[in-house]
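Residues per chain are reported as follows:
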Amino acid sequence: MKYFIRSLKYFCALCVLCLAIMLLNRLAGSSVLTLRETFYVMFHTPRGMLLPAVVVLLAAFYPRFGFVTRRVEGDVEKDREQIVNAFRAAGFALRDEKEGVMTFRAESPLRKLTLLWEDEIRVSQFGQWIEIDGIRRGVARAQLQLETFLRNKRYNENE
């Protein structure tokens, strides 16, 4: 069910994006068709059907490749301060911590909107690795920050 809801969110977001592009084209004068004529062409010609088909396919498959799990070498308990600071630098705040799993959410409403309220990232221990699980954009930013913070911590410990 979660997959279907995510697909539906991305479908709506892509439709809004397409409408905004059509409207901007019309307002900029680069389109000779009215919005009504544009919709007619989009749904009544083979070439026009390509855009709606691509939107449906992207929305259907985005939840599969838009969410990832990444690992960084470290310890959740020992490196807790670096984890929290890395996520804060990436625009996320610690919202919950239960049984060794830290849950981060986007700090700003604008970030939540751009992530379509799929802003939850979970951090847990997996063997010798810190496992980061969530939306690809958020995980990538947080992972980069965390690797930098951990590298700096280890460098300072070795001095």
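Everything here concerns the structure above.
Okay, so let's go over this structure.

Reading guide: rules and limits
- Residues numbered from 1 in each chain as written.
- Predicted model: local features only at pLDDT ≥ 70, side-chain atom pairs only at ≥ 80, totals over all residues.
- Heavy atoms only, no water.
- Helix = DSSP H or I, 4+ residues; strand = E, 2+ residues; numbered from the N terminus.
- Expected span 1.5 Å × (residues − 1).
- Buried < 20%, exposed > 50% of the residue type's maximum accessible area, 1.4 Å probe, protein only.
- Contact = heavy atoms within 4.5 Å.
- Pairing = 2+ DSSP bridges.
- Axes fitted to C-alpha atoms, helices over the stretch in contact; angles between N-to-C directions.
- Phe/Tyr/Trp six-rings, centres within 6.5 Å; stacked < 30°, edge-to-face > 60°.
- Lys NZ or Arg CZ within 6 Å of the ring centre and 35° of its normal.

## Looking at helix α1 (residues 2–28)
And step 1. Helix length check: α1 (27 residues) gives 39 Å between terminal C-alpha atoms against 39 Å at 1.5 Å per residue, within 8%.
And step 2. Regarding α1, the residues found buried are R6, S7, Y10, C18 and M22.
And step 3. The inward-facing, buried residues of α1 abut α2 (35–44), α3 (50–65), β1 (67–73) and β5 (129–135).
And step 4. Phi turns positive, to about 80°, at G29, one or two residues after α1.

## Structural notes on the sheet that holds β5
And step 1. Here five strands make up an open sheet; going across it, the order is β1-β5-β4-β3-β2 and the pairing antiparallel. Every other strand in the sheet has two partners, leaving β1 and β2 (92–98) as the edge strands with one partner each. Geometrically, the sheet is characterised by an average inter-axis angle of 25° between neighbouring strands, direction not taken into account.
And step 2. As paired strands, β1 and β5 are joined by seven bridges and run antiparallel to one another. Among the inter-strand pairings, V72 is bridged to a residue of β5, identified as I130.
And step 3. Contacts from helix α6 (residues 136–158) reach β1, β2, β4 (121–126) and β5 within the one sheet, and its direction differs from that of β1 by about 5°.

## What to know about the packing of aromatic side chains
And step 1. Under the counting rule described, the total for this entry stands at four aromatic pairs.
And step 2. Centroid distance F87 to F92: 6.3 Å. Interplanar angle 80°. Geometry classified as edge-to-face.
And step 3. Judged by its relative accessible area of 0%, F87 falls in the buried class.
And step 4. Between F87 and F104, the ring centres sit 4.0 Å apart and the planes meet at 10°, which makes this aromatic pair stacked. Of the two residues, F87 sits in helix α4 (residues 80–89) while F104 sits in strand β3 (residues 101–106), which places them 17 residues apart along the sequence.
And step 5. Each residue in the set Y10, Y62 and F65 is aromatic and connected to the rest through ring pairs, giving one cluster.
And step 6. For R71, the ring lying beneath its charged end belongs to F126, and the centroid distance is 3.9 Å.

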